[in-house]
Structures are given as structure tokens and as C-alpha cells.
Amino acid sequence: MTSSEPIRMQPFPVDARGPPFEIVVTSSTIPVTIGRKSTTLICPACRALVRTKVNYNATTSTHCCALLLCCFSCWTCCCCCCPYCCNWWATVDHYCPNCRCYLGSFQRT
């Protein structure tokens, strides 16, 4: 081959199905506001559309309210148990019912 001859390149083989391609799947999380009640959302762990399971947990505010009711008002009629029954001061934890993944909490401020 001399330097005056053009270089001939072999064409790339073309597949009858077309050029190869790649599918890229991306996921994004959409912020969902959770509150005191069960919420419908997509679980980030199992990717299922679920209605959250909620657990109520007593907080320091719950205990303080019960103590105040016991000391100042109705310890004889058991009103000091009301803060534990109404879940007003409780922290609400949300879980996925499918995979039991923790999804978030709501706490009264």
C-alpha cells in the first residue's frame, strides 16, 4: 500500500433489527405529606401502591398531660387516662403493610 492510495475501510455490519439501544429506567421520589391518618402512597422499598399502616406511640407530652390531669383535676374519675386513649399527643409512625418498611412519622408540634 502506498501513501497515494486512499484507505478503504470496511463498513460496520448492520443488524437487520436495527441499531442496539439501551433502556434506562430512573425513579424519582415524590414527597408525600403524611399526617395523623393513614395515607395512600407508593412505597419506596417495594414500589407498591399502598395505604400506610399507622402506629401511635405515646410521647413526653402525652405523659405530662396525663400527670397534669391526675394532679389538678380528676384523678378519681380516671381522666388521666384520656391522653393515652385519644392519641392527640402521640407520634404517628407510618409503615408499608406489604414489606413493613418504615415510611415516616408525624408528630404534633
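Quantities reported herein were computed from a predicted structural model and do not represent experimental measurements. (Residues numbered from 1 in each chain as written. Predicted model: local features only at pLDDT ≥ 70, side-chain atom pairs only at ≥ 80, totals over all residues. Heavy atoms only, no water.)

**Focus on unusual backbone geometry**
Thought 1: Positive phi outside glycine occurs at Arg47, with the angle close to 60°.
Thought 2: Considering the arrangement of structural elements, one finds Arg47 in the loop between strand S1 (40-42) and strand S2 (49-51).
Thought 3: Located in the positive-phi region is Arg100, a residue other than glycine, with phi close to 60°.
Thought 4: Here Arg100 shows up in the loop between strand S4 (91-95) and strand S5 (102-106). (Helix = DSSP H or I, 4+ residues; strand = E, 2+ residues; numbered from the N terminus.)

**With respect to the sheet that holds S5**
To summarise the sheet geometry, strands pair through backbone hydrogen bonds and adopt either a parallel or an antiparallel arrangement.
Thought 1: Taken together, the three strands give an open sheet; going across it, the order is S3-S4-S5, and neighbouring strands pair in antiparallel fashion. The sheet is open, and its two edges are formed by strand S3 (53-57) and S5, each paired on a single side. Mean inter-strand twist for the sheet, computed between neighbouring axes without regard to direction, equals 25°.
Thought 2: With four bridges joining them, S4 and S5 adopt antiparallel strand pairing. In the strand pairing of S5, Tyr95 is matched with Tyr102. (Pairing = 2+ DSSP bridges. Axes fitted to C-alpha atoms, helices over the stretch in contact; angles between N-to-C directions.)

**Some details on the environment of Arg47**
Thought 1: The spatial distance from the C-alpha of Arg47 to the C-alpha of Asn98 is 10.0 Å, given a sequence separation of 51 residues.
Thought 2: For Arg47, the side chain forms a polar contact with the main-chain oxygen of Pro44, separated by 3.3 Å. (Polar contact = N/O pair within 3.5 Å; in protein donor to acceptor, adjacent residues only side chain to side chain.)

**Digging into the state of the cysteines**
Thought 1: Scanning all chains against the criterion turns up zero disulfides.
Thought 2: Of all cysteine sulfurs, the one in Cys43 lies closest to Cys99, which takes part in no disulfide; the gap is 3.7 Å.
Thought 3: With relative accessibility at 34%, the residue Cys99 sits in the partly exposed group. (Disulfide = S-S within 2.5 Å. Buried < 20%, exposed > 50% of the residue type's maximum accessible area, 1.4 Å probe, protein only.)

**Here we look at the packing of aromatic side chains**
Thought 1: If you walk through the whole model with that rule in mind, you get one aromatic pair.
Thought 2: An angle of 65° between the planes, with centres 5.7 Å apart, marks the rings of Tyr95 and Tyr102 as edge-to-face.
Thought 3: For Tyr102, a relative accessible area of 45% puts it in the partly exposed group. (Phe/Tyr/Trp six-rings, centres within 6.5 Å; stacked < 30°, edge-to-face > 60°.)

**Section: the environment of Cys43**
Thought 1: For Cys43, the position within the fold is in the loop between S1 and S2.
Thought 2: Exposure remark for Cys43: the relative accessible area of 0% places this residue in the buried category.
Thought 3: Taking the C-alpha atoms as reference, Cys43 lies 9.4 Å from Tyr102; in sequence the two are 59 residues apart.
Thought 4: Discounting residues that sit within four places of it in the chain, Cys43 has contacts with Ala48, Val50, Cys96, Cys99, Cys101 and Leu103. (Contact = heavy atoms within 4.5 Å.)

Remember that the coordinates give geometry; whether it matters functionally is a separate question.
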